[in-house]
Amino acid sequence: MVKNSTEKLKELREKYSLSYNDMANKLGISKSYYWQIEHKNRRLSYDMAKKIAKIFNLKPDDIFLEDN
């Protein structure tokens, strides 16, 4: 199954037992802002993608580039 970036992001967050609030706290943003990123309601900057990837010890491309 091909996963899009938001599915991968949700899967990683749940794998590490992190809530929306946990992610928001780690990123220094609001829970609402993080939720909007994960649900594609807010545009993701590359800087934010780097911060998110760092939490999971990955490169941004590993999460945010769509699988082919």
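Refer to the structure presented above.
Here the residue numbers are simple positions, counted from 1 along each chain's written sequence. Two thresholds apply to this predicted model, a pLDDT of at least 70 for residue-level local features and 80 or more for giving and counting side-chain atom pairs, whereas whole-chain, interface and lining totals are computed over all residues. To get the side-chain values, take all heavy atoms of the structure and skip hydrogens and water.

So what exactly am I meant to see when it comes to the overall build of the protein chain here?
Scanning the protein chain from terminus to terminus reveals 5 helices and 0 strands. Within these notes, the globule rule equals 2.2 Å times the number of residues to the 0.38 power, and the radius of gyration is based on C-alpha atoms. Compactness check: the protein chain gives a C-alpha radius of gyration of 11 Å against a globular reference of 11 Å for 68 residues, within 12% of the reference. For the protein chain, the C-alpha atoms occupy an extent of roughly 30 × 25 × 20 Å along the three principal directions. Only protein chains enter the calculation, and the probe is 1.4 Å; a residue is then buried if its accessible area is under 20% of its type maximum, exposed if over 50%, and partly exposed in between. The proportion of buried residues among the 68 residues of the protein chain is 34%. The contacts of the protein chain with a sequence gap of at least 6 include a subset with a gap of at least 24, amounting to 49%. A total of about 4,700 Å² of accessible surface is found on the protein chain, and carbon and sulfur atoms cover 46% of it. Secondary structure elements are taken from DSSP: a helix is a run of H or I of four residues or more, a strand is a run of E of two residues or more, and numbering for both begins at the N terminus. Note on definitions: a residue-residue contact is assigned when non-hydrogen atoms from the two residues lie within 4.5 Å. Only the protein chains shown count as cover for residues, and all accessible areas are computed by the Shrake-Rupley method using a 1.4 Å probe.

I would appreciate a short explanation of helix H4 (residues 46–55) in the present structure.
An α-helical segment advances 3.6 residues per turn. Residues three or four places apart therefore align on the same side. When H4 is considered as a whole, its buried residues turn out to be Met 48, Ala 49, Ile 52 and Ala 53. For H4, the buried positions fall inside an angular range of 135° around the axis, keeping them on one side. In this structure, the buried residues of H4 make contact with helix H1 (5–15), helix H2 (20–27), helix H3 (31–38) and helix H5 (60–64). Here the arc refers to the set of directions running from the helix axis out to each C-beta atom.

Can you help me understand the nonpolar core in this one?
Nonpolar side chains tend toward joint burial in soluble globular proteins. The criterion is simple. A nonpolar core is a set of buried Ala, Val, Leu, Ile, Met, Phe, Trp, Tyr and Cys residues joined through side-chain atoms within 4.5 Å. Judged by nonpolar contacts, the single largest core of 16 residues is most densely connected at Leu 9, Tyr 34, Ile 52, Phe 56 and Ile 63. Going through the elements one at a time, H1, H2, H3, H4 and H5 are the ones with two or more residues in this core. The dominant element in this core, judged by the number of residues it contributes, is H4, at 4 residues. Here Ile 63 is in contact with Ser 5, Lys 8, Leu 9, Leu 12, Ile 52, Ala 53, Phe 56 and Leu 58, once residues within four sequence places are set aside.

So what exactly am I meant to see when it comes to the packing of H1 against H3 here?
How two helices pack is summed up by the angle between their axes together with the distance between the axes. Relative to each other, H1 and H3 sit at 130°, their axes nearing to 9 Å. On the basis of their axis angle, the class for H1 and H3 is oblique. Every residue of H3 that contacts H1 at Thr 6, Leu 9, Lys 10 and Arg 13 is listed here: Tyr 34, Ile 37 and Glu 38. We call Asp, Glu, Lys and Arg charged. Ala, Val, Leu, Ile, Met, Phe, Trp, Tyr, Cys and Pro are nonpolar, and the rest, Gly among them, are polar. Partitioned by chemical class, the residues of the contact of H1 with H3 number 3 nonpolar, 1 polar and 3 charged. Axis definition: a line fitted to C-alpha atoms, limited for helices to the stretch in contact. Angles are taken between N-to-C directions and run from 0 to 180 degrees. Working definition: roughly parallel below 35 degrees, roughly antiparallel above 145 degrees, roughly perpendicular at 65 to 115 degrees, and oblique for all remaining angles.

What is the right way to look at the environment of Arg 42 in this model?
As for its position among the elements, Arg 42 is in the loop between H3 and H4. Judged by its relative accessible area of 35%, Arg 42 is partly exposed. Distance and chemistry together define a polar contact, namely a pair of N or O atoms within 3.5 Å, with one atom able to donate a hydrogen and the other to accept it when in protein, and with adjacent residues in sequence counting only for side-chain atoms on both sides. A polar contact of 3.0 Å, which involves the side chain of Arg 42, links it to the side chain of Gln 36.

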